[in-house]
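A look at the structure
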Amino acid sequence: MTRIILVRHCEAHGNTISVFQGHTDSDISGNGAAQLELLALRCRNMPIDAIYSSPLKRAFRTAEAINQYHHLPIQIEPRLIEINGGDWEGKSWNDELPVLYPEQMKNWNMRPFAFHPQGGEAMRDVYERIWAAITDIVKDNQGKTVCVASHGCAIRNFLCHALNKPIEELNDVDWCDNTAISVIDFDNDLHSHVISMNDASHLTPELSVFAQQTWWRPENRVDDGGENEDSCS
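Residues numbered from 1 in each chain as written. Predicted model: local features only at pLDDT ≥ 70, side-chain atom pairs only at ≥ 80, totals over all residues. Heavy atoms only, no water.

1. What about the environment of L203?
One can find L203 in the segment after strand 6 (192-199). A residue is classified by how much of its surface remains accessible, and L203, at 9% relative accessible area, is buried. Residue contacts for L203: discarding those within four places in its chain leaves Q35, L38, D177, N178, T179 and S208. (Helix = DSSP H or I, 4+ residues; strand = E, 2+ residues; numbered from the N terminus. Buried < 20%, exposed > 50% of the residue type's maximum accessible area, 1.4 Å probe, protein only. Contact = heavy atoms within 4.5 Å.)

Put into structure tokens, the structure is as follows:
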């Protein structure tokens, strides 16, 4: 059995100003730094044999915090990166995206499997990419416990696949808070078993991004976009 501890990065600047940050290499926020202190303490006594990270600094800084008490080499895996937003990169969730791209905004909220921004990456490609990346990590670390730092949309796609759901059921998979942890076990045949999902119990309500927002709740996914303060990072 190989265990993957999958962690979303801490809050980044793009989250605080409510823009689509995808491949944009935002640095972490002050709140994000405080989140990492609690994440490091939570991971202190976890048995971790290897650590992998997306190349973006918000994920790498998260991997560094996880590694604070483990002192392992952090291995960069480019395929752990967030979805490439193309023309959506850097644009406001509330003021620009619903006006400029109403049809794709509907897809993002209601039919995410059909989302494909101009100049960017199709959601279907993210679904296949992140699965291939993590299953390759599993193959390279048989019998070990591996921590992986990645991004909200990428993690959602991976969990959908790990739950044996087709991408058409992506909207049935919840979003995760910043620094939330999911645990997935793989057998030797690469069959996945999701142990836990999106656990951010190490955060205080003051530090939790989701405690301050409501866009992520399933009942708030609406055609016009609603308030998507932080739905991609």
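2. A few points about the sheet that holds strand 4 (residues 145-150)
Spatially, six strands are ordered 3-2-4-1-5-6 in an open sheet, and the strand pairing comes out mixed. At either end of the open sheet lies a strand with only one pairing partner, and these are strand 3 (74-76) and strand 6. Along the sheet, successive strands turn relative to each other by an average axial angle of 20°, direction set aside. Examined bridge by bridge, strand 1 (residues 2-8) and strand 4 share six bridges and lie parallel to one another. Note on strand 4: the bridge partner recorded for L6 is V148. (Pairing = 2+ DSSP bridges. Axes fitted to C-alpha atoms, helices over the stretch in contact; angles between N-to-C directions.)

3. Examining unusual backbone geometry
Glycine aside, a negative phi is what most residues show, and trans is what most peptide bonds show. Unlike most non-glycine residues, T179 shows phi in positive territory, near 70°. If you trace the backbone, T179 turns up in the loop between helix 7 (152-162) and strand 5 (181-186). For T179, a relative accessible area of 0% translates into the label buried. In this structure, N198 is a non-glycine residue whose phi angle is positive, near 60°. Take N198: its relative accessible area is 19%, and that puts it in the buried class.

4. Thoughts on the packing of helix 6 (residues 123-140) against helix 7
Relative to each other, helix 6 and helix 7 sit at 75°, their axes nearing to 8 Å. Taken together, the axes of helix 6 and helix 7 lie roughly perpendicular to each other. Every residue of helix 7 that contacts helix 6 at M123, V126, Y127, E128, I130, W131 and I134 is listed here: C153, A154, N157, F158, C160, H161 and A162. The residue makeup of the contact of helix 6 with helix 7, split by class, is eleven nonpolar, two polar and one charged. (Parallel < 35°, antiparallel > 145°, perpendicular 65-115°, else oblique. Nonpolar A, V, L, I, M, F, W, Y, C, P; charged D, E, K, R; others polar.)

5. Things to note about the environment of F115
Looking at where F115 falls in the secondary structure, it is placed in the loop between helix 5 (102-110) and helix 6. It is 39 Å that separates the C-alpha atoms of F115 and Y69, two residues lying 46 residues apart in sequence. When residues no more than four places from it in sequence are discounted, the contact partners of F115 are I83, W88, Q104, N107, W108, E121, A122 and M123.

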